[in-house]
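What the coordinates show
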Amino acid sequence: MSLEGQGETPGQPEQPSQPAGLPLPPAYSEGMGAPPPWAPAPPAPHSVSFWNRIAAYIVLIAVVAAAAGAGIGWSLARAVSPSHQSANATTPESPISAATPSTGSGNSAVSAIAAKVDPAIVDINTTLGNGQAAGTGMIISSTGEILTNNHVVTGSTSISVTVQGRSQTYSAHVVGVDISQDVAVIQIDQSVSGLSTVTFANSSSLNVGDAVVAIGNALGQGGAPHVETGRITALDQTITASEGGGSAETLNGLIQSDAVIYQGDSGGALVNHAGQVVGMITAGQAQGFRSSASTVGYAIASNTALSVVNRIRAHEVASDLTYGQVGYLGVAVQSMDAAAAQQLGLNVTSGALVTANPQSGTPAANAGIGRYSVIVKVGDSDVTSADTLGTAIKAHKPGDSVSVTWVNSNGTHTATVTFAGVNP
């Protein structure tokens, strides 16, 4: 699946009034590289290929694509009650905690706030089958650990990271993810040191009306992070997100703000007046099906994200945590029912229908699985839907050889498939 609106000019956001408490300095446009939130949307991205998954989730609007070439509808995010913690991390082995928010004037200049955070904001670009996608991340250790959304990296076969102030583009790999909470930790592959890191605030201290700044890789354009100002409009929010007409997922405990967020800001920072991260941008409420911006944004609370990070750092063994790469079959699928099977003349009652011919060289293509095949079994696991196929594949690692059974117009077939690697 791919994003609706691929290759089209993004829509314009609504024009909110200037939020009080965060005056914009005269040099904002030069220093920030972005217009204020009441100005028109920024220009279109350099490459429309990023529209495969450049966005935060769009609430109740199906615009976030499944991984190109994978097509497996993994779970979106469910947050849990945040935990309260207390010191910042400097090494991958150390737990991260939240700093006590500093007091001070709510009239801090946006440029001063952004200057504290920008060096630790990275652009994340991924390869998804035949396409590309873009998002944002936050550096959480000086040696290259990065916090981002799971949906920024899920289904990717490669990840590259651009660090502010450094000309080199780095490759990265997934350390671990909590799919259910849409949190991922990735690590730069090359040996790096001295990277700037974000500082986290204890999100339990937030109040409706607090001034915030949203910082991210708007529209996947790269370069200096895009900055928008706003205020917290609600706390502990529950929303429903869906992708491409697939199953809807519930996200809980989110921070809602009116700082404009754009496609590509996923994994970016929601920051308080002291330059401390209070949340990770993860979803936006669309103003139209093809909208690229939202004046209603949602962020995963920093305490929730840090709880997941620390569990991943401890390499906790738990059903909600996944480490490293998972098996990759290379098919785009949708759930098959008996009525659809009858229309296609297939002798099945359920399964995962392959909706397009797999890309050459993928495990599925090598096995001879083609369009309108219905996958009904992977190893010892029966496949009754797209979701159960995803679960069955996720149970295997790259290099595992597993029998796969499918049905097409020529009958039932079984072949041994060796899974490739893809990020969970």
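Provided above is the structure to which this section pertains.
Here's a quick rundown of the structure. Since the structure is predicted, the reported quantities are computational estimates derived from the model, not experimental observations. (Residues numbered from 1 in each chain as written. Predicted model: local features only at pLDDT ≥ 70, side-chain atom pairs only at ≥ 80, totals over all residues. Heavy atoms only, no water.)

Time to look at the overall build of the protein. Across its full length, the protein holds seven helices and 24 strands. Counting the 424 residues in the protein, one finds 55% classified as buried. (Helix = DSSP H or I, 4+ residues; strand = E, 2+ residues; numbered from the N terminus. Buried < 20%, exposed > 50% of the residue type's maximum accessible area, 1.4 Å probe, protein only.)

When the charged atoms of two side chains with opposite charge come close together, those side chains can pair. The full count for this structure, using the stated rule, is four salt bridges. Salt-bridge contacts for Glu145 lead to Arg313; the nearest nitrogen and oxygen are separated by 2.4 Å. In this pair, Glu145 sits in strand S4 (residues 145–148) while Arg313 sits in helix H4 (residues 302–313), placing the two residues 168 residues apart along the sequence. Residue Arg313 is classed as buried on the basis of its relative accessible area of 14%. (Salt bridge = Lys/Arg side-chain N within 4 Å of Asp/Glu carboxyl O.)

This part takes up helix H7 (residues 386–394). Three or more residues of H7 are buried, namely Ala386, Leu389, Gly390, Ala392 and Ile393. The buried side chains of H7 occupy one side of the element, clustering within an arc of 165 degrees when seen end-on. (Arc of directions from axis to C-beta.)

Turning to helix H2 (residues 110–117), its buried residues number three or more, namely Val110, Ile113, Ala114 and Val117. Along the axis of H2, the buried positions cluster into a sector of 95 degrees, meaning they face one direction only. Every exposed residue of H2 that faces more than 90 degrees away from the buried side is listed here: Ala115 and Lys116.

Summarising burial for strand S3 (residues 131–139): eight of the nine residues are buried, a large majority. As paired strands, S3 and S4 are joined by two bridges and run antiparallel to one another. When the bridges of S4 are listed, Met138 appears paired with Leu147. A loop of five residues connects S3 with S4, the two strands running antiparallel in sequence, and Gly144 in this loop sits at a positive phi of about 105 degrees. (Pairing = 2+ DSSP bridges.)

Most often, soluble globular proteins have nonpolar side chains that are buried together. Ile124, Leu147, Val161 and Ile186 are the most contacted members of the largest nonpolar core, which totals 52 residues. Apart from the residues lying within four places of it in its own chain, the contact partners of Leu147 are Gly137, Met138, Ile140, Val183, Ala184, Phe200, Gly267, Met280, Ala305 and Val309. Core analysis: the next-biggest nonpolar cluster, separate from the first, contains 20 residues, Ala352, Ile375, Ala386 and Trp406 among them. (Core = buried A, V, L, I, M, F, W, Y, C linked by side-chain atoms within 4.5 Å. Contact = heavy atoms within 4.5 Å.)

Keep in mind that these numbers describe shape and distance, not what the molecule does.
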